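Remarks on the overall topology
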Amino acid sequence: QVQLVESGGGLVQAGGSLRLSCAASGSTFSNYAMGWFRQAPGKEREFVASISRSGVSADYADSVKGRFTISRDNAKNTVYLQMNNLKPEDTAVYYCAGGRAFSTAATRVLYNYWGQGTQVTVSS
């Protein structure tokens with residue numbers, strides 16, 4: 001079992017930056033690939049980024065490539081999402097997730113554990 005708690009969301013103007021954190025507990029963090037997803041009102045939850053257990057491999061949705069960076073610190077049991085040049089369309093609840101059966105993955109159903117989410121609002 002892994003417990004995940006996100007933090008770092010908030011209100012930011014377009015073009016600004018935020019860094020989200022996701023703290024894990026309850027199991028060996030380095031055994032899990034981690035991902036970030038987001039869900040805007042009235043829309044399905046969508047993939048944002050994923051990172052492998054060691055942090056060597058990462059994958060991104062096309063909509064965030066070049067603006068967002070996923071990273072992890074296995075010593076601190078934490079995964080991060082650095083978001084730069086934010087746009088109003090990035091407004092959503094952001095969720096971190098963990099899974100063991102893959103290196104990186106954009107498929108929501110592969111992730112076994114989810115946090116409660118943190119709200120990111122980008123004003124124009």
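Residues numbered from 1 in each chain as written. Predicted model: local features only at pLDDT ≥ 70, side-chain atom pairs only at ≥ 80, totals over all residues. Heavy atoms only, no water.

Helix and strand content of the protein chain: zero helices and 11 strands. Listed by position from the N terminus, the elements making up the protein chain come as β-β-β-β-β-β-β-β-β-β-β. Principal-axis analysis of the C-alpha atoms gives the protein chain an extent of 40 × 25 × 25 Å. For the protein chain, the proportion of contacts with a sequence separation of at least 24, taken over those separated by at least 6, is 59%. On the protein chain, roughly 6100 Å² of surface is accessible, and the fraction owed to carbon and sulfur atoms is 45%. Positive and negative side-chain charges in the protein chain, numbering 12 and 8 respectively, have mean positions lying 5 Å apart. (Helix = DSSP H or I, 4+ residues; strand = E, 2+ residues; numbered from the N terminus. Contact = heavy atoms within 4.5 Å. Areas by Shrake-Rupley, 256 points an atom, 1.4 Å probe, with all protein chains shown as cover. Lys, Arg positive; Asp, Glu negative; His and termini not counted. Charge placed at Lys NZ, Arg CZ, Asp CG, Glu CD.)

Right, let's get into the sheet that holds strand β1 (residues 3-7). With antiparallel pairing, the four strands of this open sheet are ordered in space as β1-β3-β8-β7. Looking at strand neighbours, the two that pair on one side only are β1 and β7 (68-73), the edges of this open sheet. This sheet shows a mean twist of 15° between the axes of neighbouring strands, independent of strand direction. Bridge analysis of β1 against strand β3 (residues 18-25) gives five bridges, and the strand direction is antiparallel. Across the sheet, serine 7 pairs through a bridge with serine 21, a residue of β3. (Pairing = 2+ DSSP bridges. Axes fitted to C-alpha atoms, helices over the stretch in contact; angles between N-to-C directions.)

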